[in-house]
Amino acid sequence: MNKFLRYSLSLVLAFVASVTFAQEVTFDFDKDYKTLFPELTGTSSSTSHDGDITKTMTCTTNGISVAVSAKTPGSSTENRIWSSSPRLRMYSGTLTIQAPADKKIASIDIIIKGNWNDKNNADVGTNNKGSWTGDANKVVYTIASNTQIKSIKVMLAGTKIE
């Protein structure tokens, strides 16, 4: 019986050592915009431009980064953190999501409330209205027009535990 238990335990440990794990990180712009973008002095509204993103701003959580660019030159509306939900509002430019150097992104879910432009596209992988799947260290979305984002969930691909 002891031999069987030892053998079973060693099989379980070998299995655990060889499986992969996945890490999920959520960027909640509605709740955490002050922490994610501390450089902004406030939010934008019809009477304020305090939340306008006039240069690329990057926020990082657990090694995963999200970079929001300024608007594309010639576009009329700044990308911004708005005064109400959904807070992250992009009208042009790029949204870049990057994993740590030694990891890959397996999926991205952009939680929208309001607008998602069907002409928004990702440079790699498969994108369907903000749900992305693939295998890349970095994903760059080109934003075509009014896109309203509540949060972004990023799932990293597994890494062998040794």
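Above this text sits the structure in question.
These figures come from a predicted structure and were not determined experimentally.

1. Some thoughts on the nonpolar core
The tendency in soluble globular proteins is for nonpolar side chains to be buried as a group. By size, the foremost hydrophobic cluster in this structure holds 33 residues, and its most contacted members are F27, F29, Y141 and I152. When near neighbours in sequence (up to four residues on either side) are disregarded, F27 contacts L36, C59, T60, T61, I64, S65, V66, K150, S151, I152 and V154.

2. A short note on the pairing of strand β14 (residues 147–156)
Extensive coverage of β14 is indicated by the burial of 7 of its 10 residues. As paired strands, strand β2 (residues 24–28) and β14 are joined by 5 bridges and run antiparallel to one another. Paired with V25 across the strands is V154, a residue of β14. Sheet analysis places strand β7 (residues 88–90) next to β14, joined by 3 bridges and oriented antiparallel. In the strand pairing of β14, L88 is matched with I149.

3. Thoughts on the pattern of salt bridges
For the structure shown, the criterion picks out 3 salt bridges. Among the ionic pairs, K150 bridges to D30, the shortest N-O distance being 3.4 Å. Placement of K150 in strand β14 and of D30 in helix α2 (residues 29–36) is noted, with a sequence separation of 120 residues between them. Overall, K150 belongs to the partly exposed group, its relative accessible area being 28%. For D30, a relative accessible area of 15% corresponds to the buried category.

4. Digging into the sheet that holds strand β4 (residues 57–61)
In space, the 5 strands of this open sheet follow the order β4-β5-β8-β13-β10, with antiparallel pairing throughout. Edge positions in the sheet fall to β4 and β10 (121–122), since each has one partner strand and no second. Summarising the sheet, β4 and strand β5 (residues 64–68) pair through 5 bridges and their orientation is antiparallel. Bridge assignment links T58 to a residue of β5, and that residue is A67.

5. Thoughts on unusual backbone geometry
Here the amide bond leading from S85 into P86 is cis, since omega sits at -10°, within 30 degrees of zero. Relative to the assigned elements, P86 resides in the loop between β6 (79–81) and β7. One non-glycine residue with positive phi stands out, namely N62, at about 50°. Residue placement: N62 occurs in the loop between β4 and β5. Owing to a relative accessible area of 55%, N62 belongs among the exposed residues under this scheme. One non-glycine residue, K129, lies in positive phi territory at about 50°. Turning to its location among the elements, K129 is positioned in the loop between β11 (126–128) and β12 (131–136). By relative accessible area, which is 52% here, K129 ends up exposed.

6. Details of the environment of D28
Here D28 lies in strand β2. Look at D28 and you get buried, because its relative accessible area is 18%. D28 sits 60 residues away from L88 along the chain, and the two C-alpha atoms are 9.5 Å apart. Ignoring anything within four residues of it in the chain, the contact list for D28 reads Y33, L36, K150 and S151.

Cut-off values and rules
- Residues numbered from 1 in each chain as written.
- Predicted model: local features only at pLDDT ≥ 70, side-chain atom pairs only at ≥ 80, totals over all residues.
- Heavy atoms only, no water.
- Core = buried A, V, L, I, M, F, W, Y, C linked by side-chain atoms within 4.5 Å.
- Buried < 20%, exposed > 50% of the residue type's maximum accessible area, 1.4 Å probe, protein only.
- Contact = heavy atoms within 4.5 Å.
- Helix = DSSP H or I, 4+ residues; strand = E, 2+ residues; numbered from the N terminus.
- Pairing = 2+ DSSP bridges.
- Salt bridge = Lys/Arg side-chain N within 4 Å of Asp/Glu carboxyl O.

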